[in-house]
Structures are given as C-alpha cells and as structure tokens.
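In case you want the letters, here they are:
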Amino acid sequence: MAVTSERVQQHRERLRRAGLRPIQLWVPDTRRPGFAEECRRQSALLADDGQERDTLEWLQSVADDDGWR
C-alpha cells in the first residue's frame, strides 16, 4: 500500500510542478432516484421564460461546435 501512495504523491508533485493544483468538485448525482424528474420539473419552469430563451440563443450563437455534427 505504501508503494501506491508514494506513486500517487509523486504524480501529484509532478502536476504541481507543472503549475496545476488539485481542486474538489461536487456535482449532482445523476444516479440518484428522482434526479431526472427534478430536471424535467426545473426545465418546465423555464419553458416560456424570455430570459432563458435569450440565453439559449446567445449560447448557440457563440458555441464552437465545428466538428461536432
């Protein structure tokens, strides 16, 4: 076990020397029961929202989607 933790520590040190730093991100658990239903509920609340429509149109206009289609 010590060998593995030493390798991990060395890897992290190399990343730090390369100018990177570790961060921790917490994201929604998409496997959680009710997740999809909550997404649908929130989306429905925005269905007729003018600001949401403007935002989506703006995102589409600035998106770099070359090679994605």
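Use the structure listed above.
Below you will find a few notes about this structure. (Residues numbered from 1 in each chain as written. Predicted model: local features only at pLDDT ≥ 70, side-chain atom pairs only at ≥ 80, totals over all residues. Heavy atoms only, no water.)

### Structural notes on a nonpolar patch on the surface
Residues Leu56, Trp58, Leu59 and Val62 make up a contiguous nonpolar surface patch of about 410 Å² in total accessible area. The topology assignment puts Val62 in helix α3 (residues 50–62). When its relative accessible area of 46% is taken as the criterion, Val62 is described as partly exposed. (Patch = residues over 30% accessible without salt bridge, like charges linked within 9 Å, V, L, I, M, F, W, Y side chains within 5 Å. Areas by Shrake-Rupley, 256 points an atom, 1.4 Å probe, with all protein chains shown as cover. Salt bridge = Lys/Arg side-chain N within 4 Å of Asp/Glu carboxyl O. Helix = DSSP H or I, 4+ residues; strand = E, 2+ residues; numbered from the N terminus. Buried < 20%, exposed > 50% of the residue type's maximum accessible area, 1.4 Å probe, protein only.)

### Some thoughts on helix α1 (residues 2–17)
Here α1 spans 22 Å end to end across 16 residues, near enough to the 22 Å set by a 1.5 Å rise per residue. Remark: Gly19 follows α1 within two positions and exhibits a positive phi of approximately 95°. (Expected span 1.5 Å × (residues − 1).)

### Observations regarding the pattern of salt bridges
Between side chains of opposite charge, a pair can form as their charged atoms come close. In the structure shown here, the tally under the stated rule is four salt bridges. Where Glu13 meets Arg16, a salt bridge forms, and the shortest distance between an N and an O atom there is 3.5 Å. With a gap of three residues between them, Glu13 and Arg16 both fall in helix α1, about one helical turn apart. In this structure, Glu37 engages Arg40 in a salt bridge whose closest nitrogen and oxygen atoms are separated by 3.5 Å. Here Arg40 and Glu37 lie together in helix α2 (residues 35–46), a separation of three residues that amounts to about one turn. According to the relative accessible area criterion, Arg40 is exposed, its value standing at 53%.

### Points about α3
With 13 residues, α3 extends 19 Å between its outermost C-alpha atoms, agreeing within 8% with the 18 Å of an ideal straight helix rising 1.5 Å per residue. The N-capping residue of α3, defined by a side-chain oxygen 2.9 Å from the backbone nitrogen of Gln51, is Asp49. (Polar contact = N/O pair within 3.5 Å; in protein donor to acceptor, adjacent residues only side chain to side chain.)

The analysis is restricted to geometry; functional conclusions fall outside its scope.
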